Amino acid sequence: MSCRTRFAPSPTGFLHIGGARTALYCWLEARRRGGTFILRIEDTDRERSTQESVQAILDGMQWLDLAHDEGPYYQAQRFDRYAEVAHELVRAGKAYFAYETREELDAMRERQMAQNLKPRYDGHWRTRQGDPPPDRPRVIRFANPVDGVVAWNDMVKGRIEISNQELDDLIIWRSDEHPTYNFAVVVDDVDMRITDVIRGDDHVNNTPRQINIYAALGATQPVFAHLPMIHGPDGAKLSKRHGAISVMQYRDDGYLPHALLNYIARLGWSHGDQELFSREQMISLFRIGDVNRSASRFDFDKLAWVNQHYLKTDSPESLAPHLEWQLRAAGIDPASGPAAADVIVALRDRVKTLKEMAARARVWFEPLTVYDEQAVAKHFAGRAGEALHAVRAQLHALAAGDWQPASIDSAIKAAATAIGEGVGKVAQPLRVAMTGTAVSPSIEHTVYLAGQSEALRRIDQALAKLA
RNA sequence: GUCCCCAUCGUCUAGAGGCCUAGGACACCUCCCUUUCACGGAGGCGACCGGGGUUCGAAUCCCCGUGGGGACGCCA
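Conventions and cut-offs
Residues numbered from 1 in each chain as written. Chains lettered and ligands numbered in written order. Predicted model: local features only at pLDDT ≥ 70, side-chain atom pairs only at ≥ 80, totals over all residues. Heavy atoms only, no water. Buried < 20%, exposed > 50% of the residue type's maximum accessible area, 1.4 Å probe, protein only. Helix = DSSP H or I, 4+ residues; strand = E, 2+ residues; numbered from the N terminus. Phe/Tyr/Trp six-rings, centres within 6.5 Å; stacked < 30°, edge-to-face > 60°. Salt bridge = Lys/Arg side-chain N within 4 Å of Asp/Glu carboxyl O.

Chemist: I would appreciate a short explanation of helix α7 (residues 207-217) in the present structure.
Modeler: Residue pairs three or four apart in sequence face the same way in an α-helix, which turns once every 3.6 residues. By the criterion of burial, α7 is predominantly enclosed, with nine of the eleven residues buried. Looking only at α7, the buried set comprises Thr207, Pro208, Arg209, Gln210, Ile211, Asn212, Ile213, Tyr214 and Ala216. A positive backbone phi angle near 70° is found at glycine 218, which sits one or two residues after α7.

Chemist: When you look at the packing of aromatic side chains in this model, what are you seeing that I'm missing?
Modeler: Two numbers describe a pair of aromatic rings. These are the distance of the centres and the angle of the planes. What the rule picks out here adds up to 13 aromatic pairs. Here the aromatic rings of phenylalanine 79 and tyrosine 82 are separated by 6.2 Å at their centres, their planes lie at 55°, and the arrangement is tilted. Within this pair, phenylalanine 79 and its partner tyrosine 82 are both found in helix α3 (residues 79-91), separated by three residues, close to a single helical turn. Looking at phenylalanine 79, the relative accessible area reads 17%, which means it is buried. The interplanar angle of 55° and the centroid separation of 6.5 Å between the aromatic rings of tyrosine 371 and phenylalanine 380 together place this pair among those described as tilted.

Chemist: Would you explain the environment of lysine 312 in this entry?
Modeler: Within the secondary structure, lysine 312 sits in helix α11 (residues 300-313). Judged by its relative accessible area of 38%, lysine 312 is partly exposed. Through-space distance from the C-alpha of lysine 312 to that of isoleucine 344 is 8.7 Å; in sequence the pair is 32 residues apart.

Chemist: Just to check I follow, could you spell out the pattern of salt bridges for this structure?
Modeler: If charged atoms from side chains of opposite charge come close, those side chains can pair. Applying the stated criterion to the full structure yields 34 salt bridges. A salt bridge links arginine 40 to glutamate 42, with the shortest nitrogen-to-oxygen separation between them at 2.9 Å. Lysine 118 serves as the salt-bridge partner of glutamate 166, at 3.3 Å between the closest nitrogen and oxygen. In this pair, glutamate 166 sits in the loop between β7 (158-163) and β8 (171-173) while lysine 118 sits in the loop between α4 (102-114) and α5 (124-127), placing the two residues 48 residues apart along the sequence. Residue class for lysine 118 comes out partly exposed when judged on its relative accessible area of 46%.

Read these as geometric descriptors, not functional statements.
Put into structure tokens, the structure is as follows:
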């Protein structure tokens, strides 16, 4: 039987880091085994589910380029099916109607907690015959086995065993005629012939209940793999407090989708000492069984390093659309300055993110109006005027077709020779003339990106300031 | 409280009884390169949670502590 995995988020927020990694692992496992990756939206809770969240999840998946082969399926559209199965279970004596009010259940829980017991439904209506009381909510509860143990061999955690005495008769059908999570998941996973259930380990406790439902349904249970959590840098659950929590926030912050995927893949999984993986490598090397058992912390520094790696090694052409997006986001018209690919070549060794790159590129897209005082004081001094005049002459003499970093570099060196100074004495004043600051990419790129006429104009502007 | 899970440098991890004087990566520090800032190169700092076993031998296996996380809903 070919592998079928599913990513099943509930649309109560955006796609976050933990969800993204779960989706990635599901996708990777299906891809490697030539299987099918299914997207299912778990929206049985209509109070908290929103259309915006569905869209946010879809957007996140698309940005990460984790395409599903089937779906998205929506649980909200399958209520008839859940009702059918729930009533079948009642008819088969594997589930029963119960009539407690919420207040009664709360009281029962409190009583048990007070006695240091694990709160469990007492099974009152499981055996009781007779007429159902009037005016009371009616739910369907699953008749969980009363003894024995439930065990499974988890692909990441190993063997896990739990006694049925720890479990109680969970509600599978609510009084408002909606299914509950633990029930809908099993019906879906059975109907969709899911072979590998890969999900966060906050679901470990649900698994034995679900396994019992599989058994009651007479269905073969899938293989389970419970992924450890991803925590924030402080070890606590990853949350808004840690900054970027939505996957889309990483796009806004200037990270490449593949860099995020690469970083996230290595959180909880490894292949020897390898740090960098192309999509193809991830697909061929990833094994769900190689995933770590313990939780990990999200490290922004390392993500930044991975991101810069791809900024440095991906082709400028493939990176260009990403930078253009970022420029627009910063209110800069990409058409009003140098080609994005040229900007990338000049800046990629100097920034960690595309957002930083866009910010530093601004100087070539807008008129130069602001000068750093310290830079001016330091570099527009001594023989700076002579240097600027000399380099202006050299740059002015360049034919338009020669306006390239290499020939600009020669021009600057020639200017330095002409006035009998080191290259630095020309380059630094020129840098301040070009950017208003003493920090920029290599001087020939800095000049090149300005374009010949704008470069000459900025030198004149600097000369005027000197006078 | 009860149950479940986890435990190697600050962080991500390698490690499936001898290959471990515990390897790699990020971060940090030093030096080199250098017309700025970076990139790059060479070094450095830095860990097997504790205690008992098992074994000729344990980071690796077992037990007990301790610490961390999760679950105990008519949420998912």
